[in-house]
Amino acid sequence: MIRFWLFRPARLAVAAALLVCGAAASSTDLERGLIVTCVSSSVGDTVSMSCQDPELEAQIKAQAFTPEEAKAAGCDPITWHDGSDTAEAPVPDVISSPEPDLDHFSPTPPPSSRTPDPAISTRVDQAWARIERWLGEHASATLRKLKFPAGPEALALWEESHKRRLPDDLYASYMHHDGADGNLGDGFQLPPSYGLLELSDIDHVNSGKCQDLVMDGNREAADPEHGRWHGSLLAIGDTSTGKELFVEPRTGRVGESAWNEDLSYDGPMGWPSYLALLEALADSLERGTALRDWYPVVTPGCELRWAEEPADSAPTGCAGGPRPSPTPTPTVEPTPDKPTPEQVRASGCRPARGTPVVRTPGPEVTAQINAVWRRVERWLARKAPATYKLLPPPARPRDIAKVEAAMGLRFPDDLRASLLRHNGAGSWGFGPAPFYELMSAKYVYSDWKMLCDIVLSGSGEGVGYWWDGHLIPFAAAHDGGNLFIDTRTGKTGEYFNEEGLTFEGDVVWPSYLALLKATARSLETGRPIRGWRPTVRKGELDWESTR
């Protein structure tokens, strides 16, 4: 059995994975129990790995869970980025006819929220009121780092998307505080140093733990009682050193997880329920007694921490006034302002329903696009055959027309001609530097609609700088970014979910055709394109920085 550590930076995740190879392995290195260093990259549930040893890579993939085993462990299957997928084949990049999404342009209504058990909710309210009151009197800096509640809509959406319920005590707790500020919630720490995680961190932690579990391939480890992890577990605390505090949803028990160790429900921070932990925490703070093995102490910066011995004295000047005690009935937050009709019209995101019209790109543009594509295809076939094989067939003209009608936009001839040559480039396929892949007509529309729904779900203030419906996304990155064409100017630009829109700098080209020509020229000459040089790794096109 091969053991490994896998780290996941957020953007362009590329990291070293150390594989400690056991005696069961067949190669000489594995039989000697040597440590092998591999390079692994992961985005979502898609993993790429290179150990400079095809036999070892094949062994890692062979030992991993099958899709059925992964699902039985409550985890997503892994898709290997080399053609040897262990998950089901992706949905074809073709819009079926008729396409409901293209005929009915309206956001999906949010799921309805629920009310947790009143008795449990009341006790959670009381426990948090006591905790907040103590923090206000003794550790006001920590009180200020508790985050605002998770709204009922966010909780309902989580339960709807995961098709399961949170335990009522955890649900009620999120309605007080959705975690805490700081790295992994370390602004508010549970003993001895577990940061209080927010609702979204459940998926963040579970994704990493599940990927390790699925790649490790140890079937006995996928047991929520006696194993090392299970996809049903709900992480509520994290030390940032590989240890998590979690809730087991079927029984409501609180347990601890540590890397490469079995789950523990009877350790120092094992509790019969999350509510029991909150009430014991409030008792410890009010009485100054130990919570299991740790005493509450206050730092000179007025922050709550935990120590093995009680503090001789507390710092002065740490009172900041308690927050108002919450009531058993959650406070209804005011409905945010909706975009005005003028903002909606200006956004370009709610076009009038139109009839699909099949248009043929001009012959001159078509000839230029096809000539550039022949250069790209010829280079990929010779130098990057794995990327070449991902190129899909042409889009159907009717599909492009339906997308244009739904978006209320007319595609530039160069983009239309390109889609009629190749309907995108396939997942992890060809695209502009440094990490983009060309999108199919279907995904051009779905990304545009998603971004429009988001920008109009608030007050409308993000229109024009976070997203704008007059833009056509045509290339996607796996980190939440897109390249787009501005239909008002024909120029390209970049969107990134954390920054919004960029209309200047290296991402701007006079047209889609200009960008495609520059990309083909960089492939053929090997010269960088605005700081990125083409390279090939295991038959796949990649781009490396020259800066």
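Heads up: the structure comes first, above all this text.
Since the structure is predicted, the reported quantities are computational estimates derived from the model, not experimental observations.

Undergrad: Looking at this model, I keep getting lost on the environment of G426. Mind explaining?
TA: Relative to the assigned elements, G426 resides in the loop between α15 (413-419) and β13 (437-438). Sequence spacing of G426 and M439 is 13 residues, and the spatial spacing of their C-alpha atoms is 7.4 Å. Setting aside residues up to four positions removed in sequence, G426 forms contacts with L390, P392, E437 and L438.

Undergrad: What is the right way to read the environment of W294 from this model?
TA: Secondary-structure assignment places W294 in the loop between α10 (274-287) and β11 (295-298). Judged by relative accessible area, W294 falls into the buried class, the value being 12%. The sequence separation of W294 and S284 amounts to 10 residues, and the corresponding C-alpha distance is 9.4 Å. With residues near it in sequence (within four places) discarded, W294 still touches P191, P192, P268, M269, T289, W306, A307 and E308.

Undergrad: Any chance you could explain unusual backbone geometry here in plain terms?
TA: With the exception of glycine, the majority of residues adopt a negative phi angle, and the majority of peptide bonds are in the trans configuration. Omega for the bond connecting P191 with P192 falls within 30 degrees of zero, at -10 degrees, which places this linkage in the cis form. The backbone of K163 shows a phi angle near 55 degrees, a positive value even though the residue is not glycine. Within the fold, K163 resides in the loop between α7 (152-162) and α8 (168-174).

Undergrad: What is the right way to read the sheet that holds strand β8 (residues 234-238) from this model?
TA: The strands that make up a sheet are held in pairs by hydrogen bonds between backbone atoms, and each pair lies either parallel or antiparallel. Judged by pairing direction, the sheet is antiparallel, and its 5 strands sit side by side in the order β6-β7-β8-β9-β10 without closing on themselves. Strands at the two margins of the open sheet, each flanked by one partner only, are β6 (189-190) and β10 (254-258). Where strand β9 (residues 243-247) and β10 come together, 5 bridges link them in antiparallel fashion. In the strand pairing of β10, F246 is matched with G255. Its contacts with the sheet place helix α9 (residues 201-216) against β8, β9 and β10, and it is angled at close to 95 degrees to β8.

Undergrad: Is there a simple way to think about the packing of aromatic side chains in this case?
TA: In this description, an aromatic ring pair is defined by two values, namely the gap between the centres and the angle between the planes. Following the criterion strictly, the structure yields 11 aromatic pairs and no others. Here the aromatic rings of W467 and Y495 are separated by 5.6 Å at their centres, their planes lie at 80 degrees, and the arrangement is edge-to-face. Within this pair, whereas W467 is found in the loop between α16 (441-457) and β14 (471-476), its partner Y495 is found in strand β16 (residues 492-496), the two being separated by 28 residues in sequence. The exposure class assigned to W467 is buried, which follows from its relative accessible area of 0%. A relative accessible area of 3% places Y495 in the buried class. Here the aromatic cluster, defined as three or more aromatic residues joined through ring pairs, consists of W466, W467, F484, Y495 and F503. When the ring centre of Y171 is taken as reference, the NZ or CZ atom of R114 above it lies at 4.2 Å.

Undergrad: Teacher, can you tell me more about the sheet that holds β13 here?
TA: The 5 strands are arranged β13-β14-β15-β16-β17 in an open sheet whose pairing can be described as antiparallel. Since the sheet does not close on itself, it has two edges, and those belong to β13 and β17 (500-502), each with one partner. Where β14 meets strand β15 (residues 481-486), 5 bridges bridge the pair, whose relative direction is antiparallel. If you follow L471 over to β15, its bridge partner there is D486. Across the sheet, α16 touches β14, β15 and β16, and the angle it forms with β14 is around 120 degrees.

Undergrad: How should I be thinking about helix α14 (residues 397-407) in this particular structure?
TA: In an α-helix, one full turn covers 3.6 residues, which means residues spaced three or four apart are oriented alike. Here α14 lies mainly inside the structure; 9 of its 11 residues are buried. Of the residues making up α14, those classed as buried are D399, I400, A401, K402, V403, E404, A405, A406 and M407. Two residues or fewer after α14 comes G408, characterised by a positive phi angle close to 65 degrees.

Undergrad: Could you clarify how one ought to interpret the packing of helix α12 (residues 363-383) against helix α17 (residues 512-525) in this entry?
TA: The geometry of a pair of packed helices is captured by two quantities: the angle between their axes and the separation between those axes. At a minimum axis distance of 9 Å, the contact between α12 and α17 shows a crossing angle of 30 degrees. Classed by the angle they form, the pair α12 and α17 counts as roughly parallel. For α12 against α17, the interelement crossing comes out left-handed. In this structure, α12 contributes Q368, I369, V372, W373, R375, V376 and W379 to the contact, and α17 contributes Y512, L513, L516, K517, A520, R521, L523 and E524.

Undergrad: Explain the pairing of strand β12 (residues 304-307) here, please?
TA: For a regular strand, side-chain orientation follows a simple rule: the groups alternate between the two sheet faces. The side-chain alternation of β12 yields one buried face, formed by L304 and W306, and one unburied face, formed by R305 and A307. The antiparallel pairing of β11 with β12 creates a hairpin that spans 5 residues between the two strands, and C302 there sits at a positive phi of about 65 degrees.

Undergrad: Explanation requested: a positive patch on the surface in the structure shown.
TA: The grouping of R374, R378, R382 and K383 at the surface amounts to a positive patch. Within the secondary structure, R374 is located in helix α12.

Undergrad: I would appreciate a short explanation of the packing of α14 against α16 in the present structure.
TA: Look at α14 against α16: their axes get within 9 Å of each other, and the N-to-C directions meet at 10 degrees. Viewed along their axes, α14 and α16 adopt a mutual orientation that is roughly parallel. Of the two possible hands of crossing, α14 and α16 adopt the one that is left-handed. Along its contact with α14, which presents I400, V403, A406 and M407, the element α16 presents A441, V444, Y445 and W448. Among the residues forming the contact of α14 with α16, the class breakdown is 8 nonpolar, no polar and no charged.

Undergrad: Help me understand the nonpolar core, please; the structure alone is not making it clear to me.
TA: The nonpolar side chains of a soluble globular protein tend to be buried, and buried together. Counting 58 residues, the largest nonpolar core has M407, F411, F430, W467 and F474 as the members making the most contacts within it. Elements with a contribution of two residues or more to this core: α12, α14, α15, α16, β14, β15, α17 and β19 (540-545). Per-element accounting of this core gives the leading share, 8 residues, to α16. Excluding its chain neighbours within four sequence positions, the residues that come into contact with M407 are G348, P351, V444, Y445, W448, L471 and I472. Counting residues in each nonpolar core, the second largest holds 49 residues, with W134, L143, L196 and W294 among its members.

The rules we used
Residues numbered from 1 in each chain as written. Predicted model: local features only at pLDDT ≥ 70, side-chain atom pairs only at ≥ 80, totals over all residues. Heavy atoms only, no water. Helix = DSSP H or I, 4+ residues; strand = E, 2+ residues; numbered from the N terminus. Contact = heavy atoms within 4.5 Å. Buried < 20%, exposed > 50% of the residue type's maximum accessible area, 1.4 Å probe, protein only. Pairing = 2+ DSSP bridges. Axes fitted to C-alpha atoms, helices over the stretch in contact; angles between N-to-C directions. Phe/Tyr/Trp six-rings, centres within 6.5 Å; stacked < 30°, edge-to-face > 60°. Lys NZ or Arg CZ within 6 Å of the ring centre and 35° of its normal. Parallel < 35°, antiparallel > 145°, perpendicular 65-115°, else oblique. Left-handed = near helix turned anticlockwise from the far one by under 90°. Patch = residues over 30% accessible without salt bridge, like charges linked within 9 Å, V, L, I, M, F, W, Y side chains within 5 Å. Areas by Shrake-Rupley, 256 points an atom, 1.4 Å probe, with all protein chains shown as cover. Salt bridge = Lys/Arg side-chain N within 4 Å of Asp/Glu carboxyl O. Lys, Arg positive; Asp, Glu negative; His and termini not counted. Charge placed at Lys NZ, Arg CZ, Asp CG, Glu CD. Nonpolar A, V, L, I, M, F, W, Y, C, P; charged D, E, K, R; others polar. Core = buried A, V, L, I, M, F, W, Y, C linked by side-chain atoms within 4.5 Å.

Distances and angles like these do not, on their own, reveal function.
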